[in-house]
Amino acid sequence: MREIMDTAAAALARALPATPTGWFITAVTCAAIAALASLLWTRVRRKWLARASRTLGGRFSGFMSAYYLRLFLPIAAIAIAWAFLAYLWKLPGLIGGVLDLLDTGIDAARDGAPTATDDIRSLAYAFAALAGALTIFATIPFQLVKVWTNERQTRTAEENLTTDLINKAVEGLGAQKEVSRLGRPITISFTPPPGTDSEYEERNEIEWLGHPVQLERNQSLLETEDWQVFTETLPNIEVRLGAIYALERIAQDSPRDHIRVMEILCAYLRENAPARDARRHDLGPWPVLAVFPNKDDFSKHFEEEEQWTIRLENWLKILRSDHPPRADIQAAITVIGRRSPAQIALEQTPKDDGTHTYRLDLRKVNLQVADLSKLNLGNARFDESHLEGANSFETQFDGAVFDRAHLNGTLFGTASLVRASFVQAQLERVPFINARLEGAILGKAHMEGSSLAQSHMQGVWLLDVHLSQTTDLTPVTLRGSGLKNVNLADAATNAEILPRLLSEAFGDASVALPEGLKAGDPPLDHWSTEKLNWPDFRTAWRAHQRAIGYVPPD
């Protein structure tokens, strides 16, 4: 064992430089190799990454652009270590040998001894070449600093360019133009909402030539004036559309700026399509059934519900034909909703408190009859917004908040609404057919006339929900759901499948059940026979979920 250690020590002593000068030369040589590799990599990196992005995808390209230096340095270190162990350690000895031979030849020539002139010349050439190489190697550290500086300057220039593009796009979002139009002032009288003192009220508008005012059922034309030319300042839609699509491109190309672009677009919708500008309807409240109805009361109530539905459909037709979303508003919500999975992942990066880094803020916006189909608007905030008649077919709304939102006639067919919140939302005549509502919160929501047929309602909060005899409550399942202060006797249910649906859910004595079902009796023997307060109800409800093996969605 000792002989092996002595042999290894001797080999290491021969491999290492014998003088400080040798150490310095070896270090400079290693730095030269690293610098040359870095220079070569800097020149080919962009072309190589562009080619790789076409074959392996933009995600790989972005990763390499951000971390190429961290990946390169360990590889370069391994290569330098291998080169040093293989042959670089010989260079200091070779240089010293060349100098010794050259000195010997010169001394011999000076003393008159015979010398080999060609050998001395070759040694001199070799020394000159090595000296030149060392001179080149001496400049390598400065080249490395230059490369690093250029890289930093390039990145800074790119960031500044992106900032300039964002600022220019924001300016485009406010573009306006002046147009001259022919119109006439008119006065419209209308019946005010119930509870006001006046019998009718008046409103002044301008009726534009070629666009006659559409009067609603409770409105009448009171006075008109002569036609005249009006100069009107309008949004420059073409410029604004270009700005919106420019912001979309910036968000796609610069992940660092994605959230900032989303904030700009959401703010644009809140300012240019505010809920206060939404068209109001005169549908009145949903018809209320008598406390102790007879056969005639049911017939009358059903007719009133049908009339209310007809008025809603007519009003939505007017919205779609005369008051659709402006082109820039539709474009902005479309751009927001077609974010890539990678962009959405940036928004969902958890913070220290467990919440998402960013949520789309679309509170108090007007998206009446907008096309939201097949968009991804998960975790968005739609509090107090107007989405009446919006097309949300196959839209992803997981985790979205619709508290106190106006959603009458919104199409939620086949939409994903997992963990969505509808507290005090207006959901009259809303089709949820085949929708995913797992874990959704339907607290104090108005769902008269809505359809939940074939919907998936696992773990749904049905608390103080307003139903009617035209509410289609025939979901695929109610497994793990909680029902409290709900009148199921009025809802349109299937007597054959309702017992099975409710047997998988939990409720208490506050739920009005159809005839033949009673809390505490099979198949509802796990239901509480008392009207529980909310903390006790929640505790018993969660216990039921654990008992049947149901796990609420995250």
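Keep in mind that what you see is a predicted model, and the values were worked out from it rather than measured. (Residues numbered from 1 in each chain as written. Predicted model: local features only at pLDDT ≥ 70, side-chain atom pairs only at ≥ 80, totals over all residues. Heavy atoms only, no water.)

Q: So what's going on with the overall build of the protein chain? Residues and values would help.
A: Across its full length, the protein chain carries 12 helices and eight strands. Taking as baseline every contact in the protein chain between residues at least 6 positions apart, the subset at least 24 positions apart corresponds to 45%. (Helix = DSSP H or I, 4+ residues; strand = E, 2+ residues; numbered from the N terminus. Contact = heavy atoms within 4.5 Å.)

Q: Tell me about empty space enclosed by the protein, residues and numbers included.
A: Enumeration according to the criterion identifies two cavities of 30 Å³ or more in this entry. If you add up the space inside the largest cavity, you get close to 60 Å³. Around the largest cavity sit R339, I344, E347, Q348, H356, Y358, R359, L360, N376, G378 and N379, which together line it. Among the residues forming the lining of the largest cavity, the class breakdown is three nonpolar, five polar and three charged. Of the volumes computed, that of the second largest cavity is approximately 40 Å³. Forming the walls of the second largest cavity are E248, A251, Q252, M262, V335, R338, R339 and Q343. (1 Å grid on protein atoms, 1.4 Å probe; cavity = no way out; pocket = protein on both sides within 12 Å on 5 of 7 lines; lining within 4 Å. Points joined across faces, edges and corners; volume = space filled by probe spheres on them. Nonpolar A, V, L, I, M, F, W, Y, C, P; charged D, E, K, R; others polar.)

Q: How would you sum up a negative patch on the surface? Please name residues and give values.
A: Together, E202, E223, E225 and D226 make up a region of like negative charge exposed at the surface. Counting through the fold element by element, E225 comes out in the loop between strand 3 (219-224) and strand 4 (228-235). (Patch = residues over 30% accessible without salt bridge, like charges linked within 9 Å, V, L, I, M, F, W, Y side chains within 5 Å. Areas by Shrake-Rupley, 256 points an atom, 1.4 Å probe, with all protein chains shown as cover. Salt bridge = Lys/Arg side-chain N within 4 Å of Asp/Glu carboxyl O. Lys, Arg positive; Asp, Glu negative; His and termini not counted. Charge placed at Lys NZ, Arg CZ, Asp CG, Glu CD.)

Q: Explain the nonpolar core to me, and be specific about the residues and the numbers.
A: Counting residues in each nonpolar core, the largest one holds 77 residues, and the members touching the most others are L377, L417, F422, L427, F432 and L502. Breaking this core down by element, the ones donating at least two residues are helix 5 (117-173), helix 6 (237-253), helix 7 (258-272), helix 9 (327-337) and helix 11 (498-503). With seven residues, helix 7 is the largest single contributor of residues to this core. With near-sequence residues (within four places) excluded, L502 lies in contact with L478, L483, L488, L513, L517, L524, H526 and W527. Core analysis: the second largest hydrophobic core is formed by eight residues, L283, L312, W315 and L316 among them. (Core = buried A, V, L, I, M, F, W, Y, C linked by side-chain atoms within 4.5 Å. Buried < 20%, exposed > 50% of the residue type's maximum accessible area, 1.4 Å probe, protein only.)

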